[in-house]
Amino acid sequence: MNKVILMSIRPEWLVKILNGEKTIEIRKTIPKCDLPIDVYLYCTKGIKDILYKYKDKYYTQHYLTFTDSVEVLNSKVVATFTLNKCYELEYADDYGNSYFWKNTVISGRELCKKSCLDDCELDDYSKGKTLFAWHIDNLVIFDKPKELREFSIFKRETISCGMDCPPYTDWVEYRVRKAPKSWQYVYVEDEV
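Residues numbered from 1 in each chain as written. Predicted model: local features only at pLDDT ≥ 70, side-chain atom pairs only at ≥ 80, totals over all residues. Heavy atoms only, no water.

### Examining a positive patch on the surface
So, point 1. Among the surface-exposed residues, Lys 28, Lys 127, Lys 129 and Lys 181 lie close enough to one another that they form a single positively charged patch.
So, point 2. You can see Lys 127 is positioned in the loop between helix H3 (119-126) and strand E9 (131-146). (Patch = residues over 30% accessible without salt bridge, like charges linked within 9 Å, V, L, I, M, F, W, Y side chains within 5 Å. Areas by Shrake-Rupley, 256 points an atom, 1.4 Å probe, with all protein chains shown as cover. Salt bridge = Lys/Arg side-chain N within 4 Å of Asp/Glu carboxyl O. Lys, Arg positive; Asp, Glu negative; His and termini not counted. Charge placed at Lys NZ, Arg CZ, Asp CG, Glu CD. Helix = DSSP H or I, 4+ residues; strand = E, 2+ residues; numbered from the N terminus.)

Below, the structure is given as C-alpha cells:
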C-alpha cells in the first residue's frame, strides 16, 4: 500500500484543474512528509454545482439538465497529481495593501494566474495568515473515477481476542467512507 493524500475540492475549482487552467492549489496547511507524494482529487457533492465530463472536456453547471448522456463526477475521486513542491505564501500588509508573495519564489501575477484567484480572494481566504501553494505536476485524469472505499486509513486500536488472551494494540485498516474537509493522508493499493 502507498501513502497518499486525498484532497476534497469543490467542482468549480476542480474543473479548472482538469482543463489545465489551474496549476497551483492554495491551502492553509502543507503535508508534513517527504515530497514527492501523490495527491488524489475528490470532487465534493456540491449543493449547486455539478461536475461532468462531456466529449472529453470538463464542465460545471447548476442543476444538470441535459438530453445527452453525460458522466457526473461529484462524490468521486477523479484525478491524481504529483506534489513535488509547495510554496509558502507569507502574508504581508504594506501600508494597507495586502499581498501574499513576500519572500516567495513566485511572482504575484504568476500566482494569481496559476491559482485562478485574484488578490482579494487570496486576502479573504487567508484572513491574515500564511497560505501555501501546492504545485500541480503530472496530472492524470482517471478513465473510470475511483470510489472513496478504494482508499484506506489505519487506526491504532486495542484488540481483545477473548478467553485467556490479554488485549493487545495493533493497527486496524478501515475503508474511507467520508471525504476529508480539506485533505488527509490515506493509503491506496499499489497500481500494477
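Moving on from the coordinates now.
### A look at unusual backbone geometry
Apart from glycine, the bulk of residues carry a negative phi angle, and the bulk of peptide bonds sit in the trans form.
So, point 1. In the segment running from Leu 35 into Pro 36, the intervening peptide bond is cis, with an omega of 10°.
So, point 2. Tracing the chain through its elements places Pro 36 in the loop between strand E2 (24-27) and strand E3 (37-43).
So, point 3. At Lys 127, a position not held by glycine, the phi torsion is positive, near 50°.
So, point 4. For Lys 127, a relative accessible area of 67% translates into the label exposed.
So, point 5. We note that Asn 138 has phi near 55°; this positive angle belongs to a residue other than glycine.
So, point 6. For Asn 138, the location among the structural elements is in strand E9. (Buried < 20%, exposed > 50% of the residue type's maximum accessible area, 1.4 Å probe, protein only.)

### Thoughts on the pairing of E2
As a general feature of sheets, a regular strand has side chains that alternate between the two faces.
So, point 1. Every second residue of E2 is oriented toward a common face, with Ile 24 and Ile 26 on one face and Glu 25 and Arg 27 on the other, all of them buried.
So, point 2. Examined bridge by bridge, E2 and E9 share 4 bridges and lie antiparallel to one another. By the bridge assignment, Ile 24 is partnered in E9 with His 135. (Pairing = 2+ DSSP bridges.)

### Digging into the pattern of salt bridges
So, point 1. What the rule picks out here adds up to 7 salt bridges.
So, point 2. Between Glu 21 and Lys 16 there is a salt bridge, and its shortest N-O distance comes to 3.8 Å.
So, point 3. Taking relative accessible area as the criterion, Glu 21 reaches 44% and is therefore assigned partly exposed.
So, point 4. For Arg 175, the salt bridge identified is with Glu 173, shortest N-O distance 4.0 Å.
So, point 5. Under the relative-accessibility criterion, Glu 173 is labelled partly exposed at 38%.
So, point 6. Connected via shared salt-bridge partners are Lys 22, Glu 25 and Arg 27.

### As for the nonpolar core
So, point 1. Membership of the largest hydrophobic core comes to 22 residues, with the highest contact counts inside it found for Leu 14, Leu 18, Val 39, Leu 41, Leu 51 and Trp 134.
So, point 2. Elements with a minimum of two residues in this core: strand E1 (2-9), helix H1 (11-18), E3, strand E7 (77-94) and E9.
So, point 3. Residues contacting Leu 18, with those up to four places away along its chain left out, are Leu 51, Tyr 58, Val 78, Ala 79, Leu 139 and Ile 141. (Core = buried A, V, L, I, M, F, W, Y, C linked by side-chain atoms within 4.5 Å. Contact = heavy atoms within 4.5 Å.)

### Here we look at the side chain of Ser 8
So, point 1. Note that Ser 8 resides in strand E1.
So, point 2. Side-chain polar atoms of Ser 8 contact the backbone oxygen of Pro 180, separated by 2.5 Å. (Polar contact = N/O pair within 3.5 Å; in protein donor to acceptor, adjacent residues only side chain to side chain.)

### A few points about the side chain of Ser 115
So, point 1. Along the chain, Ser 115 turns up in helix H2 (residues 108-115).
So, point 2. Separated by 2.8 Å, the side chain of Ser 115 and the backbone oxygen of Leu 111 make a polar contact.

### Considering a negative patch on the surface
So, point 1. A grouping of Asp 118, Asp 119, Glu 121 and Asp 124 is seen on the molecular surface, where their side chains present a negatively charged patch.
So, point 2. Relative to the assigned elements, Glu 121 resides in helix H3.

### With respect to the state of the cysteines
So, point 1. Considering all chains together, one arrives at 0 disulfides under this definition.
So, point 2. Here Cys 86 stays unpaired: no disulfide links it, and the sulfur of Cys 33, its closest cysteine neighbor, is 8.7 Å away. (Disulfide = S-S within 2.5 Å.)

### Observations regarding H3
Given 3.6 residues per turn, any residue in an α-helix points the same way as the ones three and four places further on.
So, point 1. Its side-chain oxygen placed 3.1 Å from the backbone nitrogen of Cys 120, Asp 118 serves as the N-cap of H3.
So, point 2. At the exit of H3 stands Lys 127, carrying a positive phi of roughly 50°.

The quantities given are spatial measurements derived from coordinates; they are silent on function.
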